[in-house]
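These are the residues of each chain, in order.
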Amino acid sequence: MLEQIHLLAAVTVLGVFEQAYFFLQVIYARRVFGISPPKISGPPEFERIFRAQVNSSEYFPIFLALLWQAGLFFHQGLAAALGLLYLCGRYCYFMGYRASSSERLAPIYFTSGVLWILLAASALGILHFSLSHYVGLNILRLLTA
Amino acid sequence: MLEQIHLLAAVTVLGVFEQAYFFLQVIYARRVFGISPPKISGPPEFERIFRAQVNSSEYFPIFLALLWQAGLFFHQGLAAALGLLYLCGRYCYFMGYRASSSERLAPIYFTSGVLWILLAASALGILHFSLSHYVGLNILRLLTA
Amino acid sequence: MLEQIHLLAAVTVLGVFEQAYFFLQVIYARRVFGISPPKISGPPEFERIFRAQVNSSEYFPIFLALLWQAGLFFHQGLAAALGLLYLCGRYCYFMGYRASSSERLAPIYFTSGVLWILLAASALGILHFSLSHYVGLNILRLLTA
């Protein structure tokens, strides 16, 4: 069973590593700007770093959910590759948002695009499995016949 | 193996779709009320939509965790059905909260109820498995004997 | 298959239970301090409880992701034991933060330490699996030979 999920697991652990990096950036920014918890407002530079981390955290469960469904029901290697693209895009998003609000836009469009592809792959994979499981209809075989 | 999880996977993907819808609503609200990131405060109408999305995001990993444990250890079909009820309740919550703070209450009680049922199903399922696995005690067989 | 995950599932359900407790504490604090949603600012006592819950929610998907990778690829019992330690640390964090900002520090170092151990165990487990799967290199057998 581990054979079918080890690439997904590797991308998941990498993703956690990236989240840890974002958390550390907020801790450093709190020190630099002198903003102690529980305060979350401050100069725009701080608020941008803070919001970049919050946004990445909100998307993390969504990313994992799609990565795993796409990997299990569509193709593990493809899902893992898209997962790596997503993590790169998230890094660019964080660095861009830290610099200015507008620089977060291009990476957010890119990561959203990757997520929509993962969602489509998941939906297609689950649909294909359900059709062959319940109706006995194997679309792939029909197309290649 | 996919046979035992495809309904859970389908509900998971539907849930991601709903989260995407909530994110888009916040983006539209930011445009309508002219509130650019990283700002998160504004008129109550905006703050209600924003908080509805944040609350839904915070509950999403909890929902997925319970959906999958209940589906794996209790009953996949039942867990998936409860999952659909939860997603409907979340939609009503979002729409209610957008209209007024008090209209979020009924759906939040409903979705909490669904989550407690999923938690109880998960706990019972894991307990049942552990008892038969470690003690060799099969409660279901005892009850029907 | 359930045999290899039932301890992880049990810790997951316990973790959800803890999150539910944190959510309820915020609801009680909102009543005590008279802060109605969507407001999230108020006296420091309220903001500390609120931030403690938000922080715990942000870490919850990360915790689950590492718990399951470490349990599947390294050792289920060890991962579950570390998971219990993490949940205890989270409880101390919440109670400490509620009392004062500085009392959250010791538990946050502790829970971070547990997460880094889980991350190391996950990474080692996945690396070990991949080496033996792709290269046919079984490190454990080499070391004990």
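Sequence order as written defines the numbering, with residues in each chain counted from 1. To label them, take the chains in the order written and letter them from A, then take the ligands in the order written and number them from 1. Predicted model: local features are reported for residues with pLDDT of at least 70 only, side-chain atom pairs are reported and counted for 80 or more only, and whole-chain, interface and lining totals are derived from all residues. With hydrogens and water stripped out, all remaining heavy atoms of the structure feed into the side-chain values.

**Focus on the overall build of chain A**
Each helix corresponds to a stretch of at least 4 residues labelled H or I by DSSP, and each strand to a stretch of at least 2 residues labelled E; elements are numbered beginning at the N terminus. Within chain A, the secondary structure is distributed over 5 helices and 0 strands. Helices and strands in chain A line up, N terminus first, as α-α-α-α-α. This radius of gyration counts C-alpha atoms alone. The globule rule is 2.2 Å times how many residues there are, raised to the power 0.38. Relative to the 2.2 N^0.38 estimate, which gives 15 Å for 145 residues, the radius of gyration of chain A is 19 Å and therefore markedly larger than a compact globule would have. Taken across its 145 residues, chain A has 53% of its residues classed as buried. The long-range fraction of contacts in chain A, counting pairs at least 24 apart against all pairs at least 6 apart in sequence, stands at 68%. Carbon and sulfur atoms provide 69% of the accessible area of chain A, an area that totals close to 6,600 Å². Burial classification: accessible surface area is computed with a 1.4 Å probe over protein chains only, and a residue below 20% of its type maximum counts as buried, one above 50% as exposed, and the rest as partly exposed. Whether two residues touch is decided by their heavy atoms; if any such pair falls within 4.5 Å, the residues are in contact. Where accessible areas are quoted, they stem from the Shrake-Rupley method and a 1.4 Å probe; at the residue level, only the protein chains shown are allowed to cover.

**Examining the state of the cysteines**
Two cysteine sulfurs form what is called a disulfide whenever their separation falls within 2.5 Å. What the rule picks out here adds up to 0 disulfides over all chains. The structure places no disulfide on Cys-92 of chain C, whose sulfur is separated from the nearest cysteine sulfur, that of Cys-88 of chain C, by 6.9 Å.

**Considerations on the interface of chain A and chain C**
Taken residue by residue, the interface counts 26 residues in chain A and 25 residues in chain C. Buried area: the accessible area, evaluated with a 1.4 Å probe, that two parts lose upon being put together, summed over both parts. Summing both sides of the interface, chain A and chain C together bury roughly 2,200 Å²; the carbon and sulfur share of this comes to 78%. In what follows, salt bridge is the name for a side-chain nitrogen of Lys or Arg lying within 4 Å of a carboxyl oxygen of Asp or Glu. Along the contact surface separating chain A from chain C lie 0 salt bridges. Under this definition, polar contacts are N or O atom pairs within 3.5 Å; protein pairs additionally need one hydrogen-donor-capable and one acceptor-capable atom, and for neighbouring residues in sequence, both atoms have to be side-chain atoms. Where chain A touches chain C, the interface holds 3 residue pairs in polar contact (both at pLDDT 80 or more). When residues in the side of chain A that touches chain C are grouped by element, the largest group, 11 residues, is from helix α1 (residues 6-33) of chain A. Side-chain classes are defined by residue name, with Ala, Val, Leu, Ile, Met, Phe, Trp, Tyr, Cys and Pro counting as nonpolar, Asp, Glu, Lys and Arg as charged, and the others, Gly among them, as polar. For the side of chain A that touches chain C, the class distribution of residues is 20 nonpolar, 5 polar and 1 charged.

**Topic: the interface of chain B and chain A**
Contact residues are listed per partner, giving 26 residues for chain B and 25 residues for chain A. Overall, the association of chain B and chain A removes approximately 2,200 Å² of surface from exposure, summing both partners, and the carbon and sulfur fraction of that is 78%. Summed over the shared surface of chain B and chain A, the result is 0 salt bridges. Seen at the junction of chain B and chain A, the total is 3 residue pairs in polar contact (both at pLDDT 80 or more). Listing elements by their share of the side of chain B that touches chain A, those giving two or more residues are α1 (6-33) and α2 (44-73) of chain B. The element that contributes the greatest number of residues to the side of chain B that touches chain A is α1 of chain B, accounting for 11 residues. Classifying every residue of the side of chain B that touches chain A gives 20 nonpolar, 5 polar and 1 charged.

**Points about the relation of the copies chain A and chain C**
Both copies of the chain are related by one operation, a rotation about an axis with a shift along it. Superposing the copies works by least squares over the C-alpha atoms of residues that have pLDDT at least 70 in both of them. At an RMSD of 0.0 Å, chain A and chain C line up after a rotation of 120° and a shift of 0.0 Å along the axis. These values place the two chain copies in the arrangement generated by a three-fold rotation axis. Closest approach to the rotation axis within chain A is made by the C-alpha atom of Pro-61 of chain A, at a distance of 3.6 Å. Take the interface residues of chain A: only 8% of them recur as interface residues in chain C, which is what a contact between different surfaces looks like.

**Section: the UniProt feature "transmembrane region" (unreviewed entry) in chain A**
Residue and element names in this part refer to chain A. As recorded in UniProt, the feature "transmembrane region" (unreviewed entry) lies at residues 7-28, 62-87 and 108-131. Secondary structure content for residues 7-28 is 100% helix and 0% strand, while the C-alpha to C-alpha distance between its ends is 32 Å. Strand forms 0% of residues 62-87 and helix 92%; the C-alpha atoms that close the span are 13 Å apart. UniProt positions are given in the numbering used here, feature names are shortened, and annotations may be inferred rather than shown by experiment.

**Thoughts on the packing of α1 of chain A against helix α2 (residues 44-73) of chain C**
Relative to each other, α1 of chain A and α2 of chain C sit at 145°, their axes nearing to 10 Å. Remark: the crossing between α1 of chain A and α2 of chain C carries left-handed chirality. Between α1 of chain A and α2 of chain C, the contacting residues are His-6, Ala-9, Thr-12, Val-13, Val-16, Gln-19 and Phe-23 of chain A on the first element and Glu-58, Tyr-59, Ile-62, Ala-65, Leu-66, Gln-69 and Phe-73 of chain C on the second. Each residue belonging to the contact of α1 of chain A with α2 of chain C can be placed in one class, and the counts come to 9 nonpolar, 4 polar and 1 charged. Axis definition: a line fitted to C-alpha atoms, over the contacting stretch in the case of helices. Angles run 0 to 180 degrees between N-to-C directions. Crossing chirality is assigned from the near helix's rotation relative to the far helix, an anticlockwise turn below a right angle marking it left-handed and a clockwise turn marking it right-handed.

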